[in-house]
Amino acid sequence: MFDEVKNLFNKNSLKSCYCMSLEKNGDNFTSNTISFGKSHWDNEEDLNGDHIFRLMSMSKPLTAFAAMQLVEKELLHLDTPAEEILPVLKDIPILNENNELKKQKKQITLRHLLSHTSGLAYNSYLLNTSKKIKNLSALKKLSLFMRGMMPYTDVFSKGPRLFEAGSNFKYGTGLGFAGLMIEKVSGLPLQEYCEKNIFTPLEMKNTFFKIPQDKINEIVSLGIRRGKNSQNISKVPFKGQPYFSFGRKSYYGGTEIYSSPNDYANFVKCLMNRGSYKNKQILDSSMFEEMIKPGEFDQMFERDNQYNFFMGENGRIKNPMNKYGLGLTISFDPNISRPVGSIGHGGAACTWFSFHLEKQKAALIFSNFYPYNDKEWYDMVVAFEQEVYA
């Protein structure tokens, strides 16, 4: 089993990788796993399903799930102005075609934030996925920094927006604002809300926003490829997230969850059960169905395919035939490694999961290194999904 995945790992320069397949049979799930490498590059402990990975953007489906729980309870609403809960949203300007900052004409909703149609992008100095922002003058960027919209060392940028709400798609920081809305209406910090309402009910014992001291050594090593064509992956010399969040009181719901493959598999099982886990409804099935409705836009607006150390080359897993729902991507390309209708999400440090409701199968693959879309890692994703969904 998984012979091609083994062959690829033995030939490539990846340090570690953990793969898990799931198959649903009635109310039960069976799993198959294969593990490569060590939990830490300098020890002899084999990587296993309880080791803890930085999920990065695989945090987004969990935050979206949390928001939909509150939609179910009518504490949040998908289509009412989000500024009623977060007034700061109405003050985020839009950068127009003349690089002028203009006030919004249309209000942002929670649906816009969860579907990446609010106009918010990744605009920080550390992670900038907008060609338009990259091409601004140094003086304009400094002005945005002084206004608190373009941080230096944090990925949770807060503007400017690139278009009016609901007029296009741009992958960005909307889930961060959704996390702030969760905090406002629940009265709980995001990490406490998720622990009480998602992590504990789903038996996710190794899933956290802040790693407990006794779990620190369970976090796998984080690496970064030394260049696009380099065979060298260097170890990043810290255990936490690869950026700083000075001055932030809340966790960023878009990237800041840690989890293990075994834990995240429980979340995927819940999704495959349309919100149910071990005969307990964690999210109403109608809310899950809302999450997987494909949006109207493709994901090609202002796509920057230039190689960078965080995101690699966007043209691999990112696909013009994909559509984004609410915190989840739906695949429509018949010529890729997973079937049409597959649902999934990835994380910037090379993590990925997908599942298919009709085939009742899922594939999860965990590494922890940059860049995302790394070709050697992506080839393993393709081989693994082809075997899982065959």
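Our structure is the block above this text.
Note that this is a predicted model, so its numbers are computed, not measured. (Residues numbered from 1 in each chain as written. Predicted model: local features only at pLDDT ≥ 70, side-chain atom pairs only at ≥ 80, totals over all residues. Heavy atoms only, no water.)

Engineer: Is there a simple way to think about the packing of aromatic side chains in this case?
Structural biologist: Any two aromatic rings considered together are summarised by their centre-to-centre distance and by the angle between their planes. A complete count under the given rule lists 16 aromatic pairs for this structure. Between Phe 156 and Tyr 252 the ring centres are 4.6 Å apart and the planes differ by 15°, which places this aromatic pair in the stacked class. In this pair, Phe 156 is assigned in the loop between α5 (138-146) and α6 (174-186) and Tyr 252 in the loop between β7 (233-235) and β8 (258-259), connecting sequence segments 96 residues apart. Exposure class is identical for Phe 156 and Tyr 252. Each is buried. Aromatic pair Tyr 264 and Phe 267: ring centres 5.4 Å apart, planes at 75°, arrangement edge-to-face. Highlighted residues: Tyr 264 and Phe 267, both in helix α8 (residues 261-272), separated by three residues, approximately one helical turn. (Phe/Tyr/Trp six-rings, centres within 6.5 Å; stacked < 30°, edge-to-face > 60°. Helix = DSSP H or I, 4+ residues; strand = E, 2+ residues; numbered from the N terminus. Buried < 20%, exposed > 50% of the residue type's maximum accessible area, 1.4 Å probe, protein only.)

Engineer: Whenever I open this one, the sheet that holds strand β16 (residues 369-370) confuses me. Can you help?
Structural biologist: What holds strands together in a sheet is hydrogen bonding between their backbones, with the strands either parallel or antiparallel. Pairing is mixed across the open sheet formed by three strands, whose spatial order is β7-β6-β16. For this open sheet the edge positions go to β7 and β16, each flanked by a neighbour on one side alone. In the sheet, strand β6 (residues 223-225) pairs with β16 via two bridges, with the strands oriented parallel. Bridging from a neighbouring strand, Ile 224 pairs with Tyr 370 of β16. (Pairing = 2+ DSSP bridges.)

Engineer: Explain the state of the cysteines here, please?
Structural biologist: Within the structure shown, the criterion is met by zero disulfides. Cys 17 takes part in no disulfide bond, and the closest cysteine sulfur to it belongs to Cys 19, at a distance of 4.0 Å. The exposure class of Cys 17 is buried, given its relative accessible area of 0%. With no disulfide of its own, Cys 194 lies 13 Å from the sulfur of Cys 270, the closest cysteine sulfur. The exposure class of Cys 194 is buried, given its relative accessible area of 0%. (Disulfide = S-S within 2.5 Å.)

Engineer: How should the pairing of strand β13 (residues 343-347) be read in this particular structure?
Structural biologist: Within a regular beta strand, the side chains point alternately toward one face of the sheet and then the other, so they alternate between its two faces. Most of β13 sits inside the fold, with five of its five residues counted as buried. By the alternation rule, side chains of β13 split into Ile 343, His 345 and Gly 347 and Gly 344 and Gly 346, which are all buried. Pairing between strand β12 (residues 329-330) and β13: two bridges, direction antiparallel. Paired with Ile 330 across the two strands is Ile 343, which belongs to β13. Looking at chain direction, β13 and strand β14 (residues 351-356) are connected through five bridges and run antiparallel. Considered in β14, the bridge of Gly 347 is made with Thr 351. Between the antiparallel neighbours β13 and β14 lie three residues, among them Cys 350 with a positive phi of about 65°.

Engineer: Would you mind showing me how to read empty space enclosed by the protein here?
Structural biologist: If a probe the size of a water molecule is rolled over the atoms, the empty space left behind becomes visible. Within this structure, the stated rule accounts for two cavities of 30 Å³ or more. Of the voids in this model, the second largest cavity is the one considered here, and its volume is about 50 Å³. Taken together, Leu 14, Lys 15, Ser 16, Trp 41, Ser 221, Ile 233, Ser 367, Asn 368 and Phe 369 make up the full set of residues lining the second largest cavity. (1 Å grid on protein atoms, 1.4 Å probe; cavity = no way out; pocket = protein on both sides within 12 Å on 5 of 7 lines; lining within 4 Å. Points joined across faces, edges and corners; volume = space filled by probe spheres on them.)

Engineer: Quick question: what am I supposed to make of helix α7 (residues 190-199) here?
Structural biologist: Given 3.6 residues to a turn, an α-helix orients residues that are three or four positions apart in the same direction. For α7, the full list of buried residues reads Leu 190, Tyr 193, Cys 194, Asn 197, Ile 198 and Phe 199. Axial view of α7: buried residues confined to an arc of 150°, hence all on one face. Summarising the contacts, the buried residues of α7 are in contact with α2 (60-72) and α6. (Arc of directions from axis to C-beta. Contact = heavy atoms within 4.5 Å.)

Engineer: Would you explain a nonpolar patch on the surface in this entry?
Structural biologist: On the surface, a nonpolar cluster with roughly 510 Å² of combined accessible area is contributed by Tyr 125, Leu 139, Leu 142, Phe 145 and Met 146. The topology assignment puts Met 146 in helix α5. (Patch = residues over 30% accessible without salt bridge, like charges linked within 9 Å, V, L, I, M, F, W, Y side chains within 5 Å. Areas by Shrake-Rupley, 256 points an atom, 1.4 Å probe, with all protein chains shown as cover. Salt bridge = Lys/Arg side-chain N within 4 Å of Asp/Glu carboxyl O.)

Engineer: Before we go on, may I ask you to explain the side chain of Glu 256 in this structure?
Structural biologist: Residue placement: Glu 256 occurs in the loop between β7 and β8. Of the polar contacts made by the side chain of Glu 256, one reaches the backbone nitrogen of Tyr 252; its length is 2.8 Å. (Polar contact = N/O pair within 3.5 Å; in protein donor to acceptor, adjacent residues only side chain to side chain.)

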